[in-house]
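For reference, the chains in residue letters:
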Amino acid sequence: MLQALSIRDFVIVDTLELEFSAGYTALTGETGAGKSILIDALSLSLGARNEGDVTRKGCEKAEISTTFDIRNNLPAREWLQAQEIDVDDALILRRVIYADGRSRAFINGASATVGQLRDIGENLIDIYSQNAHHSLLKVATQREILDAYAQATPLAKQVGALYKEWSQLHQQQLAYEKNASQFADELAVLRDSTRELKQLGFAIEEWATLQQEHARLSNGASLLSGMEASLQMMSEGDEVNALDLLSQAQARLAELQAIDIGLQPMLETLDSAVVQLEEASRALNRYLQKSELDPARLAEVESRIQAIHGAARKFRVKPDELPDLLAAQLGRMAELESFADDGALAKQVQAAWQSYQAQAAQLSSIRQQAANKLAKTISEQMQALSLKGGQFAVALTPGEPAAHGLEQVEFLVAGHAGVEPRPLNKVASGGELSRISLALQVTTASLGTVPCMIFDEVDVGIGGGVAEVVGKLLSQLGQHRQVLVITHLAQVAAQAQQHWQVSKAEQQGTTLSRIRTLDAHERVEEVARMLGGLQITETTRDHAREMLQANLA
């Protein structure tokens, strides 16, 4: 569940620290007070795109940090383990957004990508926006809702992947049938070029070694003469050399040490220098004894380098790219040979199609069972939501096989008794649509595994007794999940277990937003305000108390 939210310098919030409770929490306040800021901040911490200037005016950056208790959230823990991120009972997501639009993301203190925030966020919170009922008119959304209700979303994704696999193989088959002679010519060319590259036998590790050996062999004479000259200067010069001079200095300093013991450290350093110079001379002598001019080997190396350069020029790549070219050509050859193999590609296409059909048929069966249950559940809820006699249905119409399955999914509704259900986008009014949308959201959310749900003014367009029913639905949902509801309706807010109020005020010429938890007395005042507006009477307060007490009963 969501435990805490910390916001710094975000829009019109300077500092905000919130601690969340389990169950059903209502967030209320005047229009424009900043209720949406909470949703925006949470969304950004969960990887949403930053599409505006969200850093508070005059500030360098905005910071949002969310803390979750994931002790019982197995999907979240498994995701963290797969990403090799430290797993603890608490999960902390942090997003920093700078005034110039840049942003940084962190998971449990480790640097992360916004995409990773989004991936882990899918296991933490579901946010239902006030515009959700508009997307409900889309056939794709209706299909997703049914699959979510049927707990068949993973299977639907698998069906989509199988269809894509079959489609790609089928396109390859069509392309080969159309261009068989062209592919045969390409295969012949590839066989010749791969044979040549294999005969070359060039590996990337060889290139650096060849270049180093060529540099040594081609400069062999100057290398030998240079080493001999160095050896003469170091220790073997007849007239003067470094070792003789150092030995003389060593002997003279040893005599002086008898006079001043403070020269001992310098003498020890000089002794070490003499030893190191002697060792260097011996090593150089050994190298010279093994070194010799080798014109034959130089010719071999130059011939090998020329062969590699020749192949690179022929195939228009750099020498060090030849091994990758061979690997790519072998892959393409294997692909073309599988096409050319008598019936091999056709067998692959057939196998892919059968796999798709089997999974799609299973998805269709699950959808059919879920469609009947969902239709019955929503129809029952429509009666409680002042749509007496209304009927909800889910039509599954067989269609051409596609990535989404073997049928089209469409929601049908009849607003009252005696009317044949028709497509939702043709008959539902705004008020009916919002109520049906809310019923669907609550129904599908109750079956999900995400521990926290946030409803952002999803009760727009309803009121009166319907609002009270909506409050009860959300309260029931809060018995099993953590539910946060942003609402303007007193009937919805009164049934919450916790109540927060958002407000804004001017402070030193700057407008700032605040959110605080209401006590029992403050909650009466806030519910009364929602009922009666600016002029709150004692009668309104009595009504508010009655609503709150009914919720406690």
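Calculation rules
- Residues numbered from 1 in each chain as written.
- Predicted model: local features only at pLDDT ≥ 70, side-chain atom pairs only at ≥ 80, totals over all residues.
- Heavy atoms only, no water.
- 1 Å grid on protein atoms, 1.4 Å probe; cavity = no way out; pocket = protein on both sides within 12 Å on 5 of 7 lines; lining within 4 Å.
- Points joined across faces, edges and corners; volume = space filled by probe spheres on them.
- Helix = DSSP H or I, 4+ residues; strand = E, 2+ residues; numbered from the N terminus.
- Nonpolar A, V, L, I, M, F, W, Y, C, P; charged D, E, K, R; others polar.
- Pairing = 2+ DSSP bridges.
- Axes fitted to C-alpha atoms, helices over the stretch in contact; angles between N-to-C directions.
- Contact = heavy atoms within 4.5 Å.

> Describe empty space enclosed by the protein, listing the residues and the values that go with them.
If you walk through the whole model with that rule in mind, you get two cavities of 30 Å³ or more. Reported here for the largest cavity is a volume of approximately 40 Å³. Ranked by residue count, the leading element in the lining of the largest cavity is strand S13 (residues 482-486), at three residues. Residues belonging to the lining of the largest cavity are distributed by class as follows: five nonpolar, four polar and no charged.

> Report on the sheet that holds strand S5 (residues 90-98), specifying residues and quantitative values.
Two modes of strand pairing occur in sheets, parallel and antiparallel, and in both the strands are linked by backbone hydrogen bonds. Spatially, S2-S1-S4-S5-S6-S7 is the arrangement adopted by the six strands of the open sheet, whose pairing is antiparallel. Because the sheet does not close on itself, it has two edges, and the strands there are strand S2 (13-19) and strand S7 (110-112). This sheet shows a mean twist of 15° between the axes of neighbouring strands, independent of strand direction. Judged from the six bridges that link them, strand S1 (residues 2-10) and S2 form a sheet pairing that is antiparallel. Across the sheet, Ser6 pairs through a bridge with Glu17, a residue of S2. Packed onto the sheet, helix H1 (residues 35-45) meets S1, S2, strand S4 (61-69) and S5 and runs at close to 100° relative to S1. In the packing of helix H3 (residues 114-121) onto the sheet, contacts are made with S5, strand S6 (103-107) and S7, and the angle to S6 comes to roughly 45°.

> Talk me through the sheet that holds strand S11 (residues 422-423); I want residue IDs and the actual numbers.
The strand order across the open sheet formed by three strands is S9-S10-S11, and the pairing between neighbours is antiparallel. Lying at the two open borders of the sheet, with one neighbouring strand each, are strand S9 (391-402) and S11. Note that strand S10 (residues 405-414) and S11 share two bridges and pair antiparallel. Paired with Leu412 across the strands is Pro423, a residue of S11. Across the sheet, helix H14 (residues 344-384) touches S9 and S10, and the angle it forms with S9 is around 165°.

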